[in-house]
Amino acid sequence: IMAQRLVRRICENCKDVEKVPAEALTDNGLPGDTEVFKGAGCDMCGNTGYRGRQGLFEVMPITPTIREMILDRASTPEINEKAIEEGMLTLRMDGMLKVKKGITTLEEVVKETAAG
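Predicted model only: the values in this text are computed from it and were never measured.

S.K.: Is there a simple way to explain the pattern of salt bridges in this structure?
M.R.: One side chain can pair with another of opposite charge once the charged atoms of both are near each other. Here the structure, examined in full by the defined rule, presents six salt bridges. The closest approach of N and O atoms between K15 and E12, which form a salt bridge, is 3.3 Å. On the accessibility criterion, K15 (27% relative accessible area) is partly exposed. Members of the salt-bridge network, linked through shared partners, are R8, E108 and K111.

S.K.: It is not clear to me how the packing of aromatic side chains should be interpreted in this structure. Could you clarify?
M.R.: When we look at a pair of aromatic rings, we describe it by the centre distance and by the angle of the planes. For the coordinates displayed, the defined rule picks out zero aromatic pairs. Across the ring face of Y50, the terminal group of R8 is positioned such that the distance to the ring centre comes to 3.8 Å. Directly above the aromatic system of F37 lies the positively charged group of K15, at a separation of 5.3 Å from the ring centroid.

S.K.: For this particular structure, what's the right way to read the packing of helix 4 (residues 91–100) against helix 5 (residues 106–113)?
M.R.: To characterise two packed helices, one gives the angle between the axes of the helices and the distance between these axes. One way to put it is that helix 4 packs onto helix 5 with a least axis distance of 9 Å and a crossing angle of 170 degrees. Classed by the angle they form, the pair helix 4 and helix 5 counts as roughly antiparallel. Contacts between helix 4 and helix 5 pair L91, R92, G95, M96 and V99 from the former with L106, V109, V110 and T113 from the latter. Broken down by class, the residue content of the contact of helix 4 with helix 5 amounts to six nonpolar, two polar and one charged.

S.K.: How should I be thinking about the nonpolar core in this particular structure?
M.R.: Side chains that are nonpolar tend, in soluble globular proteins, to be buried together. Of all hydrophobic cores here, the largest spans seven residues; its members are L25, L30, V36, M96, V99, L106 and V109. Of all the secondary-structure elements, those providing two or more residues to this core are helix 4 and helix 5. If you look at the next biggest cluster of nonpolar residues, it comprises six residues, including M60, I66, A83 and M88.

Thresholds applied
- Residues numbered from 1 in each chain as written.
- Predicted model: local features only at pLDDT ≥ 70, side-chain atom pairs only at ≥ 80, totals over all residues.
- Heavy atoms only, no water.
- Salt bridge = Lys/Arg side-chain N within 4 Å of Asp/Glu carboxyl O.
- Buried < 20%, exposed > 50% of the residue type's maximum accessible area, 1.4 Å probe, protein only.
- Phe/Tyr/Trp six-rings, centres within 6.5 Å; stacked < 30°, edge-to-face > 60°.
- Lys NZ or Arg CZ within 6 Å of the ring centre and 35° of its normal.
- Axes fitted to C-alpha atoms, helices over the stretch in contact; angles between N-to-C directions.
- Helix = DSSP H or I, 4+ residues; strand = E, 2+ residues; numbered from the N terminus.
- Parallel < 35°, antiparallel > 145°, perpendicular 65-115°, else oblique.
- Contact = heavy atoms within 4.5 Å.
- Nonpolar A, V, L, I, M, F, W, Y, C, P; charged D, E, K, R; others polar.
- Core = buried A, V, L, I, M, F, W, Y, C linked by side-chain atoms within 4.5 Å.

As structure tokens, this is what we get:
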């Protein structure tokens, strides 16, 4: 089972450290001292701070345990919890990894994963 969202990539030409309150970081599951980035805007990105797109992915392999839970009609939250225990990354988790790596902004991930 797979889900995906596209987020905007930070422009590498004008990427700069963004000051984000520690509380905003911890509220989104990141350590309070995480260095995050944002594009300042330049000619290369049309002064948007973004250039290109990056996928966020959530892939749930159907393991024997998950298969059994599906057959037993377990609830979606129960199956999701078990899948995370087995190593699945949610869209938000994948997004936060990409925020830590400086690929996209915290704002983009929060916006694109708000419903999920």
